[in-house]
Amino acid sequence: MEITDSWPAQWLRGPLPLCVLRIVEQEAAHGYAIVTSLERMGLGTVGGGTLYPILNRLQRDGFLTAEWMAGEGGPGRKVYAITAEGTAELLEQAELWRRFATITGQALEPAQTKGHRR
């Protein structure tokens with residue numbers, strides 16, 4: 001099986017917001033740092049056109065806060081941090097996602113050829 005650095009967009013829609021919450025749960029981060037963390041996780045390169053709508057939605061829903069921080073020798077950056085509501089959402093949704101991934105993983109296993117008719 002070939003390892004890829006990009007996944008079909010429809011595969012990322014569900015877990016990507018949870019992965020973003022997990023990243024900022026560990027440490028407040030700006031957009032580029034989040035993109036870099038997602039790449040290190042093996043999710044491939046996530047562009048700003050995908051990431052920033054997620055960050056805005058998570059902020060709108062009360063799961064993240066955002067604060068402008070002065071840049072060291074450069075422009076300021078918007079830094080995102082998780083809220084208590086975001087932590088609760090992450091815990092709940094991550095458990096549901098693990099259950100869903102287990103079920104879909106089992107559903108995608110090859111059928112037993114003995115006694116199985118197609």
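Scoring rules and cut-offs
Residues numbered from 1 in each chain as written. Predicted model: local features only at pLDDT ≥ 70, side-chain atom pairs only at ≥ 80, totals over all residues. Heavy atoms only, no water. Salt bridge = Lys/Arg side-chain N within 4 Å of Asp/Glu carboxyl O. Helix = DSSP H or I, 4+ residues; strand = E, 2+ residues; numbered from the N terminus. Contact = heavy atoms within 4.5 Å. pLDDT = per-residue confidence, 0-100. Expected span 1.5 Å × (residues − 1). Buried < 20%, exposed > 50% of the residue type's maximum accessible area, 1.4 Å probe, protein only.

## What to know about the pattern of salt bridges
Argument step 1. Under the definition given, this model contains three salt bridges.
Argument step 2. Across the pair Arg22 and Glu25 runs a salt bridge whose closest N-O atoms are separated by 2.6 Å. Of this pair, Arg22 and Glu25 both sit in helix α2 (residues 16-26), separated by three residues, roughly a single helical turn.

## Re the side chain of His30
Argument step 1. With respect to the element layout, His30 can be found in strand β1 (residues 29-30).
Argument step 2. Setting aside chain neighbours within four positions, we find His30 in contact with Arg77, Lys78 and Val79.

## Some words on the confidence of the model for the protein chain
Residues shown with low pLDDT carry predicted positions that ought not to be read at fine detail.
Argument step 1. Considering every residue of the protein chain, the mean pLDDT works out to 89; 91% of them sit at 70 or more.
Argument step 2. Confidence scores differ between elements of the protein chain, with helix α1 (residues 9-12) showing the lowest mean pLDDT of 85 and α2 the highest of 97.

## Considering helix α5 (residues 84-107)
Argument step 1. Over its 24 residues, α5 runs 35 Å from end to end, which matches the ideal 34 Å to within 8%, given 1.5 Å per residue.
Argument step 2. Among all positions in α5, only Gly86, Leu90 and Ala94 are buried.
Argument step 3. Where α5 is buried, its residues meet α2 and β3 (77-82).

## Points about the environment of Met69
Argument step 1. Within the secondary structure, Met69 sits in strand β2 (residues 64-69).
Argument step 2. Separated by 34 residues in sequence, Met69 and Val35 have C-alpha atoms that sit 18 Å apart.
Argument step 3. The contact partners of Met69, leaving out residues within four places of it in the chain, are Gly76, Arg77 and Val79.

## With respect to the environment of Leu108
Argument step 1. Inspection of the secondary structure puts Leu108 in the segment after α5.
Argument step 2. Leu108 sits 43 residues away from Thr65 along the chain, and the two C-alpha atoms are 38 Å apart.

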